[in-house]
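Notes for the structure review
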Amino acid sequence: MSLPALLPLTVLVVWGSLALVGHWLPIAPDEIVLAKILAPPSWDEWLGYDDLGRAIADRLVIGAQTSFVVAVLVTAVSTALGTLIGVTGAWLGGMWDHGVVRIIDIVLAFPGVLLAIALAGLLGPGIENVVIALIAVGWVGFARLARAQALSVKHREHIQAAQALGTGSCTIIFRHLLPLITTPIIVEASFGIAGVVIAEAGLSFLGLGVQPPAASWGSMIRDGTRYMLVAPHMVIAPGLALFLVVLSVNLLGDRIRDKLDVRSRVLASSSL
């Protein structure tokens, strides 16, 4: 594996590892040291301290846990729910498909982030409500993609043969149809993770995400904006972590798309 491909994978492995084992690390994200309020990075604490004298590095670990759990949970549920709704609508057709399309059009008529902000505001602050709001917005893209893919393959010969043999609809969908549309859904899910990370940080920045004293990269950036001139490290550290994770997810998503795209591999081999 080349170095450009290894770097994004390394960042994501570190992100996931911190999220999974963070609670067992010797950190104290909520410990307040008054003598170190707004202390800059040093050899003792590489990322410095925030406005309450808490170690920014320790809080970055907790923020990694928050973003990782939200990203994985929202993406997994949105993918499963959207795929189920899209494939079911395409398979049943008629009024069912028409209803699915209308619901998708209504949700897509609103900007996704603004709709998530409105839902999170109605439900109230809290990480659970952020997850619900992001799922309510995120399933639509997967449903539209799954429906389009299902419509393109539902009339293939082997599926029609299975229907002629009397195979049940559920068996056909799960054994013959879903395997054919898995590739684009996986690619969409890989890019969806980056979107969820940004959305969670944005909602936490607005005060709709995790509540103090819990840490989130978005809330850390919000707290640091008041001290940009005297303690820029409060914004730089979580901002850089957010940037690296989102960039790495997108780069890895590009590689997954290239690996799973049969047409691009055929074109590449034909050009050699």
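Above this text is the structure in question.
Report follows, based on the coordinates. (Residues numbered from 1 in each chain as written. Predicted model: local features only at pLDDT ≥ 70, side-chain atom pairs only at ≥ 80, totals over all residues. Heavy atoms only, no water.)

Looking now at the overall build of the chain. In terms of helices and strands, the chain carries 10 helices and 0 strands. In sequence order, the secondary structure elements of the chain are arranged as α-α-α-α-α-α-α-α-α-α. Taken over the C-alpha atoms alone, the chain extends approximately 75 × 50 × 30 Å along its principal axes. The buried share of the chain, reckoned over its 272 residues, is 41%. Pairs at least 24 apart in sequence give 70% of the contacts found in the chain among residues at least 6 apart. (Helix = DSSP H or I, 4+ residues; strand = E, 2+ residues; numbered from the N terminus. Buried < 20%, exposed > 50% of the residue type's maximum accessible area, 1.4 Å probe, protein only. Contact = heavy atoms within 4.5 Å.)

Here we come to the nonpolar core. Ranked by internal contacts, the top residues of the largest apolar core, which has 42 residues, are Trp15, Leu60, Val74, Leu134, Trp217 and Leu242. Where this core is concerned, the elements lending two or more residues are α1 (3-21), α2 (56-92), α3 (94-108), α4 (112-123), α5 (127-153), α7 (169-205), α8 (217-224) and α9 (233-260). The element best represented in this core is α5, accounting for 9 residues. Every residue in contact with leucine 134, bar those within four places of it in the chain, is listed here: Val70, Val74, Ser78, Ala116, Val196, Ala199, Glu200 and Leu203. Formed by 16 residues, the second largest nonpolar core is a distinct cluster that contains Trp91, Ala162, Leu178 and Ile181. (Core = buried A, V, L, I, M, F, W, Y, C linked by side-chain atoms within 4.5 Å.)

The grouping of Ile236, Leu240, Phe243, Leu244, Leu247 and Leu251 at the surface amounts to a nonpolar patch, some 530 Å² of accessible area in total. Locating leucine 251 in the fold gives a position in helix α9. (Patch = residues over 30% accessible without salt bridge, like charges linked within 9 Å, V, L, I, M, F, W, Y side chains within 5 Å. Areas by Shrake-Rupley, 256 points an atom, 1.4 Å probe, with all protein chains shown as cover. Salt bridge = Lys/Arg side-chain N within 4 Å of Asp/Glu carboxyl O.)

The description of an aromatic ring pair rests on the distance of the ring centres and on the angle between the ring planes. According to the stated counting rule, one finds 1 aromatic pair in the structure shown. Pairing tryptophan 15 with phenylalanine 68 gives two aromatic rings, centres 5.2 Å apart and planes at 80 degrees, and the pair type is edge-to-face. Residue tryptophan 15 is located in helix α1, and its partner phenylalanine 68 is located in helix α2; the two are separated by 53 residues in the primary sequence. Overall, tryptophan 15 belongs to the buried group, its relative accessible area being 7%. (Phe/Tyr/Trp six-rings, centres within 6.5 Å; stacked < 30°, edge-to-face > 60°.)

All right, on to the packing of α8 against α9 then. The contact between α8 and α9 brings their axes to 8 Å, and the two run at 150 degrees. Taken as axis vectors, α8 and α9 run roughly antiparallel relative to one another. Remark: the crossing between α8 and α9 carries left-handed chirality. Contact residues: α8 offers Trp217, Met220, Ile221, Asp223 and Gly224, while α9 offers Met234, Val235, Pro238, Gly239, Ala241, Leu242 and Val245. Considered class by class, the residues forming the contact of α8 with α9 number 9 nonpolar, 2 polar and 1 charged. (Axes fitted to C-alpha atoms, helices over the stretch in contact; angles between N-to-C directions. Parallel < 35°, antiparallel > 145°, perpendicular 65-115°, else oblique. Left-handed = near helix turned anticlockwise from the far one by under 90°. Nonpolar A, V, L, I, M, F, W, Y, C, P; charged D, E, K, R; others polar.)

Along its 37 residues, α7 runs just 45 Å from first to last C-alpha, ending more than 12% under the 54 Å computed at 1.5 Å per residue. Where α7 bends most, at leucine 178, the angle is about 55 degrees, and the proline proline 179 comes one to four residues later. Immediately beyond the C-terminal end of α7, within one or two residues, lies glycine 207, with a positive phi of roughly 90 degrees. (Expected span 1.5 Å × (residues − 1). Bend = angle between axes of the 7 residues up to and from the residue.)

Once that is clear, we can look at α3. Here α3 is 15 residues long and its end C-alpha atoms lie 21 Å apart, about the 21 Å a rise of 1.5 Å per residue gives. Those residues of α3 that are buried are in contact with α2, α4 and α5.

Keep in mind that these numbers describe shape and distance, not what the molecule does.
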